[in-house]
Amino acid sequence: MTPVLYSFRRCPYAMRAKLAILAADVHVERREVVLRDKPQAFLDTSPSGTVPCLSLPDQVIDESLDIMIWALSQSDPQGLLNMPKLGWDLIARCDGPFKYALDRTKYTTRYPDDDPTHHRSGASGFLADLNAQIDVHLFDQPSLADIAIAPFVRQFAFIDKDWFDAQPWPMLQGWLARFLASDAFAQVMVKYPAWVPGDTPTAFPSQVDQE
């Protein structure tokens, strides 16, 4: 059976899962979910009701990082899993305090009691550390950390792109620009119609994407 990936195009967690699946060249059936109107088949599959969710014949993987590791454990031609402990530490910081600060910087109406300027300053410490690591210890060669972190840096950068571009982070800005210009990013951002039960299966990566 072909694995089924429930996804949402703009979700950074789903984005990084798709990046790993693409890098592994593992083919799945992609089902695009409308988050405001989640299909019952998705809710019956996902323990958390969140994307991404990968349904395999023998298990369901409901966390994006676990999906990435599963995909690259099947095939890792770029050696993305070969990274130092620093990479895992940066992913943990991205998924923890940086994501916390990102949400409170971006979604001001959702967190009306939080000061977005304060949280932007908190997020900046992590981004400055990333800037210092690029081409020094970790990001000189692509690894799991690159594709796990890039979607969240992208999300933060576009809260206020002019402000982001004005920061003293030339290595980070160049790294993000390369990610945004990459074929991999273009492929994971291809628009898919919302899935409804009975639809013809939609392959990811598709043959069209790979041409």
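Our structure is the block above this text.
Quick caveat, the model's predicted, so the values are computed rather than measured. (Residues numbered from 1 in each chain as written. Predicted model: local features only at pLDDT ≥ 70, side-chain atom pairs only at ≥ 80, totals over all residues. Heavy atoms only, no water.)

(A) Highlighting the packing of helix α1 (residues 12-24) against helix α3 (residues 64-74). Across the interface, α1 lies against α3 with an axial gap of 8 Å and an inter-helix angle of 0°. If you check the angle between α1 and α3, you find them roughly parallel. Across from Tyr13, Arg16, Ala17, Ala20, Ile21, Ala23 and Ala24 in α1, the residues of α3 making contact are Ser64, Leu65, Ile67, Met68, Ala71 and Leu72. Partitioning the contact of α1 with α3 into residue classes produces eleven nonpolar, one polar and one charged. (Axes fitted to C-alpha atoms, helices over the stretch in contact; angles between N-to-C directions. Helix = DSSP H or I, 4+ residues; strand = E, 2+ residues; numbered from the N terminus. Parallel < 35°, antiparallel > 145°, perpendicular 65-115°, else oblique. Contact = heavy atoms within 4.5 Å. Nonpolar A, V, L, I, M, F, W, Y, C, P; charged D, E, K, R; others polar.)

(B) Local environment of the pattern of salt bridges. One pass over the full model with this rule turns up seven salt bridges. Across the salt bridge formed by arginine 16 and aspartate 95, the nearest N and O atoms sit 2.8 Å from each other. One end of the pair, arginine 16, is in helix α1; the other, aspartate 95, is in helix α4 (residues 85-106), and 79 residues separate them in sequence. We classify arginine 16 as buried; its relative accessible area is 2%. On the accessibility criterion, aspartate 95 (27% relative accessible area) is partly exposed. Taking the shortest distance from any N to any O, the salt bridge between aspartate 165 and lysine 161 comes out at 2.9 Å. (Salt bridge = Lys/Arg side-chain N within 4 Å of Asp/Glu carboxyl O. Buried < 20%, exposed > 50% of the residue type's maximum accessible area, 1.4 Å probe, protein only.)

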